[in-house]
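Breakdown of the fold
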Amino acid sequence: MSTMSLRLPESLHEKVRELAEREGISINQLVTTALAEKISALLTQEYLEERATRGSQDEYLRVLGKVPRTDPDPGDELPE
């Protein structure tokens, strides 16, 4: 495990301290979890953007055309 020194505005540090205390975890654990979540979101966005470049609307419509038309289940109808 590595160590990182981080400068935070006092207001942000106070919020982190309050949230960590409320969650019953250390500030390090809260920051680590928050950073992991942000990295995951950014990597997911990159992945989806890359996948979108490989997509084809014509192929999508061709596959969608194979789906039988049925009425929606009760409660799944679109609002009028």
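The rules behind these values
Residues numbered from 1 in each chain as written. Predicted model: local features only at pLDDT ≥ 70, side-chain atom pairs only at ≥ 80, totals over all residues. Heavy atoms only, no water. pLDDT = per-residue confidence, 0-100. Helix = DSSP H or I, 4+ residues; strand = E, 2+ residues; numbered from the N terminus. Salt bridge = Lys/Arg side-chain N within 4 Å of Asp/Glu carboxyl O. Buried < 20%, exposed > 50% of the residue type's maximum accessible area, 1.4 Å probe, protein only. Patch = residues over 30% accessible without salt bridge, like charges linked within 9 Å, V, L, I, M, F, W, Y side chains within 5 Å. Areas by Shrake-Rupley, 256 points an atom, 1.4 Å probe, with all protein chains shown as cover. Lys, Arg positive; Asp, Glu negative; His and termini not counted. Charge placed at Lys NZ, Arg CZ, Asp CG, Glu CD. Contact = heavy atoms within 4.5 Å. Axes fitted to C-alpha atoms, helices over the stretch in contact; angles between N-to-C directions. Parallel < 35°, antiparallel > 145°, perpendicular 65-115°, else oblique. Nonpolar A, V, L, I, M, F, W, Y, C, P; charged D, E, K, R; others polar.

Let's shift gears to the confidence of the model for the chain. Regions with low pLDDT carry predicted coordinates that are not meant to be interpreted in detail. Chain-level pLDDT for the chain is 95 on average; 100% of the residues reach the 70-or-more range. Here helix 3 (residues 57-64) stands out as the element of the chain with the lowest mean pLDDT, 94, in contrast to helix 1 (residues 10-23), whose mean of 97 is the highest.

Moving on, we come to the pattern of salt bridges. Under the definition given, this model contains 4 salt bridges. The partner of Glu-14 in a salt bridge is Arg-17, and the shortest N-O contact between them spans 2.4 Å. Taken together, the positions of Glu-14 and Arg-17, both in helix 1 and 3 residues apart, correspond to about one turn of that helix. Since its relative accessible area comes to 31%, Glu-14 is described here as partly exposed. Residue Arg-17 is classed as partly exposed on the basis of its relative accessible area, which comes to 30%. Linking Lys-15 and Glu-18 is a salt bridge whose minimum nitrogen-to-oxygen distance equals 3.8 Å. Remark: Glu-18 and Lys-15 occur in helix 1; sequence separation between them is 3 residues, near one turn of the helix. What makes Glu-18 partly exposed here is its relative accessible area of 38%.

Let us now look at a negative patch on the surface. A cluster of like negative charges, contributed by Asp-71, Asp-73, Asp-76 and Glu-77, occupies part of the molecular surface. Within the secondary structure layout, Asp-73 lies in the segment after helix 3.

All right, on to the environment of Arg-17 then. The spatial distance from the C-alpha of Arg-17 to the C-alpha of Asn-28 is 9.8 Å, given a sequence separation of 11 residues. In contact with Arg-17, not counting residues within four places along its chain, are Glu-10 and Ile-27.

Okay, the packing of helix 1 against helix 2 (residues 27-53) next. Packing of helix 1 against helix 2 leaves a shortest axis separation of 9 Å and a crossing angle of 105°. Classified by the angle between their axes, helix 1 and helix 2 sit roughly perpendicular to one another. Contact residues: His-13, Val-16, Arg-17, Leu-19 and Ala-20 in helix 1; Ile-27, Leu-30 and Val-31 in helix 2. Among the residues forming the contact of helix 1 with helix 2, the class breakdown is 6 nonpolar, 1 polar and 1 charged.

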